[in-house]
Amino acid sequence: MILDGKSPTGPIEQTWDRHRFDMKLVNPANKRKYKILVVGTGLAGASAAASLGELGYNVEAFCYQDSPRRAHSIAAQGGINAAKNYPNDGDSIRRLFYDTVKGGDFRAREADVWRLAQVSNDIIDQCVAQGVPFARDYAGYLDNRSFGGAQVSRTFYARGQTGQQLLLGAYSALMAQVKAGTVKIFPRTEVMDIVLVNGEAKGVTLRDLITGKYRTHVGDAVILCSGGYANVYDLSTMARGASVSANWAAYKKGAYFANPCYTQIHPTCIPQSGDYQSKLTLMSESLRNDGRCWVPRNHGDNRPPNDIPEEDRDYYLERKYPSFGNLAPRDIASRAAKEQCDDGRGVGPGGRGVYLDFRDAINRLGEDTIRERYGNLFEMYELITAENGYKVPMRIYPAPHYAMGGLWVDYNCMSNLPGLFVLGEANFSVHGANRLGASALMQGLADGYFIIPYTIANYLAQTKPGMLKADAPECQASLQEVEARVNKLLSINGKRTVAELHREIGSLMWNNAGMARSEESLKEAIEKIPAIREEFWQNVRIPGAGAELNQQLENAGRVADFLEFGELLCRDALHRRESCGGHFRVEYQTEDGEALRDDENFCYSAAWGFKGVDNEPELHKEPLKFENVELAVRSYK
Amino acid sequence: MSGQNEHRTMTLKLIVWRQKGPKEAGRFETYVARGITEHHSFLEMLDVVNQDLIKEGQEPITFDHDCREGICGTCSQVINGQPHGGQTRTTVCQLHMRKFKDGDAIYIEPWRARAFPILRDLVVDRSALDRIIQAGGYTSVRTGAAPDGNSILISKEAADYAMDAAECIGCGACVAACPNGAAMLFTGAKVSQLAALPQGQVEARERVNSMIEAMQECGFGNCTNHYECQAACPKGIDVKFIARLNREYLKALMF
């Protein structure tokens, strides 16, 4: 089927303004008759729930964490982009739009990206008004730094904790609405099913993680803000609890899953040190403002890094990409690091690492300046590695970090299921095949503060409130389904732990569908995943009971979903016989190893429809049109 | 490279608080952690123990954790009597086993405070901290109502001061460390952040009054200057913010 993203037509500068006028409104007195269920309380979920509460809707917000403030948006370090052009260095809405479309390797919808760039400036204003302590210069004005994939300084930041500060801003707005009585929060709950009435999303079924009891919450629309799926690789920069489960539940109810093969492997993470490791820690991309990436020029050069003279170092990013240098975009920087390591010039245990060196910046600016800019990151690095990044170069290696793919949504952020909206990382919309640094925070807040309040009204204005009652047969069926699945998990009582099986699928995904994929590796993964899935359902051991706080059971549910989702990721990667952004097929590359796109055959978003766990999914295509940015080879040389 | 002793492993004795539910009696249980290297984080060490427990048919130790990079504020354990284990500016998840040596006995307990009921083993209910923020830890700006970010000039000094306070991750270690179970470092950090900024001025008086009221209603104690909170805080939040809280409160009462 050919999908229609329903982008408004006409001059792109006017699309969002015109569309906002064309959409229907819900009158203030009617808003309180509608109930909106928000799943997830990260940047997208908290900002959406707070803004909708302010407007007068009844909102219920769910998160698996013990407080909405702990959602994984909190871990974003470097910053948030906006087209303010405060530094007077040539930025504009059009340039941010252009950089984002190009950064995404021409696989995103133009109108959505334009809107994102347009509202980016409002986000900064909103956050400042909330009391987010962005960095300031000595005159009291907002400060900016640079990020990968851009030649202007448009990134606003709060030390190395920008995600934390923005999330706490959205969280405090949410708490204000809780006090005002418009929003109710349900922490420590996990949404396990979406309830449909005549094909429209009207409820969610959840498990209370403390009591282990199941309930259905009914409403008039559901907004999924449940984040990304990088934990399918087991080892990633994600929080351990982050999962694909809410999205997967929606997919199994008929929502399309778009571009799952677009996963971002972040170049600057602390390398893995052993098999016991539970996560990979990200070091902000902002470090590449002042740090230089290098490996020894010669094979077998085992000297300590500070003993390696300048002429024996290969600053490979500066060599390969002279105009962007160390600020090359993430997909490109990650592949370049892998290339050096595959060439046998990697450093550290197993040769899977490259140096990120601050020596020159410290000589130029002094250690204090570097400490002021990145102090918390150097501290974190030392806690984990016991090495002092000011004295010896850091060692870094790429790690799974972000999901560009997600549930398919139209221009209104609504999935193909009416009433089911998807925001932030959970949807697929604006980053194409690669997300630029400091754009995830921008998207989460754009969706939640400035887009959903308009687009959801357009849907609600055309529906009658209260269509689903809590005792309806749809709710009963959903409760039974969820409970049956959990009981099945608990009854297996096999020999393998959930963590072992997660590691098994994770390492298969990393080796076969990680930074580089091939037809052969993907076919192998598609063959092996069902076997791991079978092993899981036959032989997993989950101690304890269902009606209690049971973390193994929670993890088991999430891993069970990854065991299905991983296969879809591989199928999508197999079908896309081109390389673009974070999706690198070794068969499709230029002579110098860059991604080789095939615009003739693959200039579309792939949205997959569920046809049963053991059946092939159905492919739907949304063709992409580029009328404002010329479809070109993406070059950072 | 430095610090590479991959083959040397440690065996540790863990004495862990186990409690099935909020209303059930708890007790210490002893476990052995084997094959631990200096590179394991404290939580990865517990992962190893839990894997063994599951394989032996026992119930694993339940503990809160999520980001495992020291920012979400979820992890919460008192280790050998000190919240987060006593290493300066470090959460449990960032504490590494190189701080311990082979044969050590380690006591692991949950946060202990009247306002944080135990839910299971090492997991406590910290929703009281959300209720303090609900009482006034915000500026009431509506989405879309904000002026241009640079129309509010803020001196670098004020912005840095606000950021120092805003770094709080809401883990509750300050409460667990305080002999009075006070949440004044937590509350003081939020009040000070907003009091230092022009955006926070309009609601300053109401904010400090209601947040202090909420703090008391939730069952937190009061500060008697032990400064244990600052010592335990994984983000190094300074007790000067408690002084600021008191000053703001006094101002609110007087003017």
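Parameters at a glance
- Per chain, residues are indexed from 1 in the order of the written sequence.
- Naming scheme: in the order in which they are written, chains are lettered from A and ligands are numbered from 1.
- Reporting of local features is limited, given that this is a predicted model, to residues whose pLDDT is at least 70; pairs of side-chain atoms are given and counted only at 80 or more, and all residues count toward the totals for whole chains, interfaces and linings.
- The side-chain figures draw on all heavy atoms in the structure; neither hydrogens nor water molecules are used.
- The numbering of helices and of strands both runs from the N terminus, where a helix is a DSSP run of H or I of at least 4 residues and a strand a run of E of at least 2.
- The reference for a compact globule is 2.2 Å times residues^0.38; the radius of gyration itself is calculated from the C-alpha atoms.
- For every residue, the accessible area (1.4 Å probe, protein chains only) is compared with the maximum for its type, and the residue is labelled buried under 20%, exposed over 50%, or partly exposed between those bounds.
- What makes two residues a contact is simply this: any of their non-hydrogen atoms within 4.5 Å.
- The Shrake-Rupley method, run with a 1.4 Å probe, gives the accessible areas here. Residue values count only the displayed protein chains as cover.
- By the counting scheme adopted, Arg and Lys are positive, Glu and Asp are negative, and His together with the chain ends is not counted.
- Where a charge lies is defined by one atom per residue type, namely NZ (Lys), CZ (Arg), CG (Asp) and CD (Glu).
- Throughout, the edges of the domains are those of an automatic or database domain assignment.
- Using a 1.4 Å probe, buried area is obtained as the accessible area two parts lose upon being combined, added over both of them.
- Think of a nonpolar core as a cluster: buried Ala, Val, Leu, Ile, Met, Phe, Trp, Tyr and Cys residues, connected wherever their side-chain atoms sit within 4.5 Å.
- Think of a salt bridge as a Lys or Arg side-chain nitrogen and an Asp or Glu carboxyl oxygen that are within 4 Å of each other.
- Note on residue classes: Ala, Val, Leu, Ile, Met, Phe, Trp, Tyr, Cys and Pro are nonpolar, Asp, Glu, Lys and Arg are charged, and everything else, Gly too, is polar.
- When DSSP finds two or more bridges between a pair of strands, those strands are recorded as paired.
- Note that a disulfide, as used here, is simply two cysteine sulfur atoms within 2.5 Å.
- Geometry is summarised by axes, namely lines fitted to C-alpha atoms with helices restricted to the contacting stretch, and by angles between N-to-C directions that run from 0 to 180 degrees.
- Between N or O atoms, a polar contact is any pair within 3.5 Å; within protein, one atom must be a potential hydrogen donor and the other a potential acceptor, and residues adjacent in sequence are included only when both atoms are from side chains.
- If an angle is under 35 degrees, it is roughly parallel; if it is over 145, roughly antiparallel; if it lies from 65 to 115, roughly perpendicular; otherwise it is oblique.
- Left-handed is the label given to a crossing in which the near helix is rotated counterclockwise from the far helix by less than a right angle, and right-handed is the label when the rotation is clockwise.
- Ring pairs shown here join Phe, Tyr and Trp side chains whose ring centres sit within 6.5 Å, with only the six-membered ring taken for Trp; geometry is labelled stacked below 30 degrees between planes, edge-to-face above 60, and tilted in between.
- Distance and angle both matter: a charge sits over a ring if NZ of Lys or CZ of Arg is within 6 Å of the ring centre and within 35 degrees of the ring normal.

**Notes on the overall build of chain A**
Okay, step 1: Each helix and strand counted, chain A has 17 helices and 19 strands in total.
Okay, step 2: For 637 residues, the compact-globule estimate of 2.2 N^0.38 gives 26 Å, and chain A sits close to it at 24 Å.
Okay, step 3: Taking the principal axes of its C-alpha atoms as reference, chain A extends roughly 75 × 60 × 50 Å.
Okay, step 4: Sorting the 637 residues of chain A into buried and exposed places 68% on the buried side.
Okay, step 5: Within chain A, contacts between residues at least 6 apart in sequence are counted, and of these 73% link residues at least 24 apart.
Okay, step 6: Looking at chain A as shown, the accessible area adds up to about 20700 Å², and 48% of this sits on carbon and sulfur atoms.
Okay, step 7: Across chain A, the 74 positively charged side chains and the 80 negatively charged ones have centroids separated by 4 Å.

**Points about the domain arrangement of chain B**
One frequent convention defines the size of an interface as the accessible area lost when the parts assemble.
All names here are of chain B.
Okay, step 1: We note that the domain assignment places domain 1 (10-120) and domain 2 (126-254) within chain B.
Okay, step 2: Taking only C-alpha atoms, the centre of domain 1 and the centre of domain 2 are 29 Å apart.
Okay, step 3: Contacts between the two partners involve 19 residues from domain 1 and, on the opposite side, 20 residues from domain 2.
Okay, step 4: When domain 1 packs against domain 2, close to 1400 Å² is buried across both sides, 59% of that on carbon and sulfur atoms.

**Structural notes on the nonpolar core**
Okay, step 1: By size, the foremost hydrophobic cluster in this structure holds 159 residues, and its most contacted members are L14, F42 and F220 of chain B.
Okay, step 2: With 12 residues, helix α12 (residues 440-460) of chain A is the single largest residue contributor to this core.
Okay, step 3: The contacts of L14 of chain B, once residues within four sequence positions are left out, are E29, T30, Y31, A33, M45, L46, V49, I106 and I108 of chain B.
Okay, step 4: Formed by 79 residues, the second largest nonpolar core is a distinct cluster that contains V232, L420, L501 and V559 of chain A.

**As for the interface of chain A and chain B**
Okay, step 1: With 80 residues of chain A at the contact, the number on the chain B side is 81 residues.
Okay, step 2: Of the roughly 6800 Å² buried between chain A and chain B on both sides combined, carbon and sulfur atoms contribute 50%.
Okay, step 3: Of all residues in chain A, R70, Y276 and L383 of chain A give up the largest surface area on contact with chain B, accounting jointly for 11% of the area buried on that side.
Okay, step 4: In this structure, the connection of chain A to chain B is made through 11 salt bridges.
Okay, step 5: Here R120 of chain B and E548 of chain A are joined by a salt bridge, their closest N and O atoms 3.4 Å apart.
Okay, step 6: Here the element with the most residues in the side of chain A that touches chain B is helix α6 (residues 162-180) of chain A; it accounts for nine residues.
Okay, step 7: A class-by-class count of the residues in the side of chain A that touches chain B yields 34 nonpolar, 24 polar and 22 charged.

**Concerning the sheet that holds strand β16 (residues 406-407) of chain A**
Residues and elements named next belong to chain A.
Okay, step 1: Reading across from one edge, β16-β10-β18-β19 is the order of the four strands in this open sheet, with antiparallel pairing throughout. Since the sheet does not close on itself, it has two edges, and those belong to β16 and β19 (618-623), each with one partner.
Okay, step 2: In the sheet, strand β10 (residues 257-258) pairs with β16 via two bridges, with the strands oriented antiparallel. What sits directly across from A258, in β16, is G406.

**As for the state of the cysteines**
Okay, step 1: This structure, assessed with the given rule, holds zero disulfides over all chains.
Okay, step 2: Not part of a disulfide, C261 of chain A finds its nearest cysteine sulfur in C580 of chain A, a span of 6.5 Å.
Okay, step 3: Residue class for C261 of chain A comes out buried when judged on its relative accessible area of 0%.
Okay, step 4: Here C178 of chain B stays unpaired: no disulfide links it, and the sulfur of C229 of chain B, its closest cysteine neighbor, is 6.7 Å away.
Okay, step 5: With a relative accessible area of 16%, C178 of chain B lands in the buried category.

**Looking at the sheet that holds strand β7 (residues 200-208) of chain A**
Hydrogen bonds between backbone groups are what pair the strands of a sheet, and the pairing can be parallel or antiparallel.
Residues and elements named next belong to chain A.
Okay, step 1: The sheet built from three strands is open, its strands ordered β6-β7-β8 with antiparallel pairing. Pairing within the sheet leaves two strands with one partner each, and these edge strands are β6 (189-197) and β8 (214-218). Between one strand axis and the next, the sheet turns by 30 degrees as a mean value, whatever way the strands run.

**Quick look at the domain arrangement of chain A**
All names here are of chain A.
Okay, step 1: Its domain assignment divides chain A into domain 1 (12-262 + 404-460), domain 2 (270-399) and domain 3 (479-599).
Okay, step 2: Computed from C-alpha coordinates alone, the two centres of domain 2 and domain 3 are separated by 30 Å.
Okay, step 3: Listed by partner, the interface residues are nine residues for domain 2 and 10 residues for domain 3.
Okay, step 4: Both sides of the domain 2 and domain 3 interface together cover about 780 Å² of buried area, and 56% of this is carbon and sulfur.
Okay, step 5: It is D331, R335 and K338 that lose the most area in domain 2 upon contact with domain 3, and together they represent 53% of the buried surface on that side.
Okay, step 6: Where domain 2 meets domain 3, there are zero salt bridges.
Okay, step 7: The tally of links between domain 2 and domain 3 comes to two residue pairs in polar contact (both at pLDDT 80 or more).

**Observations regarding the pattern of salt bridges**
Side chains bearing opposite charge may pair, as long as their charged atoms lie close to each other.
All names here are of chain A.
Okay, step 1: Within this structure, the stated rule accounts for 85 salt bridges over all chains.
Okay, step 2: D599 serves as the salt-bridge partner of R597, at 2.8 Å between the closest nitrogen and oxygen.
Okay, step 3: Overall, the relative accessible area of 16% leaves R597 in the buried class.
Okay, step 4: Several salt bridges share partner residues, and in doing so they unite D105, R107, D331, R576, E578, R597, D599 and R634 into one network.

**Section: the packing of helix α7 (residues 245-252) of chain A against helix α16 (residues 551-575) of chain A**
Residues and elements named next belong to chain A.
Okay, step 1: Interhelical geometry of α7 versus α16 gives an angle of 60 degrees and a closest axis separation of 10 Å. Classified by the interaxial angle, the pair formed by α7 and α16 is oblique. Our pair here, α7 against α16, has a crossing hand that is left-handed. Taken together, the residues of α16 that come into contact with α7 (itself represented by S245, W248, Y251 and K252) are G557, R558, D561, E564, F565 and L568.
Okay, step 2: Classifying every residue of the contact of α7 with α16 by side-chain character gives four nonpolar, two polar and four charged.

**Digging into the packing of aromatic side chains**
Residue and element names in this part refer to chain A.
Okay, step 1: By the definition in use, this model includes 32 aromatic pairs over all chains.
Okay, step 2: Consider the rings of W294 and Y355, whose centres lie 4.7 Å apart with planes at 40 degrees: the pair is tilted. Of this pair, W294 sits in strand β12 (residues 292-296) while Y355 is found in strand β14 (residues 354-357), placing the two residues 61 residues apart along the sequence.
Okay, step 3: Members of the aromatic cluster, connected to one another through ring pairs, are Y229, W248, Y251, F257, F565 and F610.
Okay, step 4: Taking NZ or CZ as reference, R20 lies 5.1 Å from the ring centre of Y454, over its face.
Okay, step 5: Positioned above the aromatic ring of Y411, the side-chain terminus of R115 is 4.1 Å from the ring centre.

**Concerning the pairing of β12 of chain A**
Residue and element names in this part refer to chain A.
Okay, step 1: Most of β12 sits inside the fold, with four of its five residues counted as buried.
Okay, step 2: Direction of pairing for β12 relative to β14: antiparallel, over a ladder of three bridges. Note on β14: the bridge partner recorded for W294 is Y355.
Okay, step 3: As judged from the two bridges shared by β12 and strand β13 (residues 313-314), these two strands associate in the antiparallel manner. Paired with P296 across the two strands is R313, which belongs to β13.

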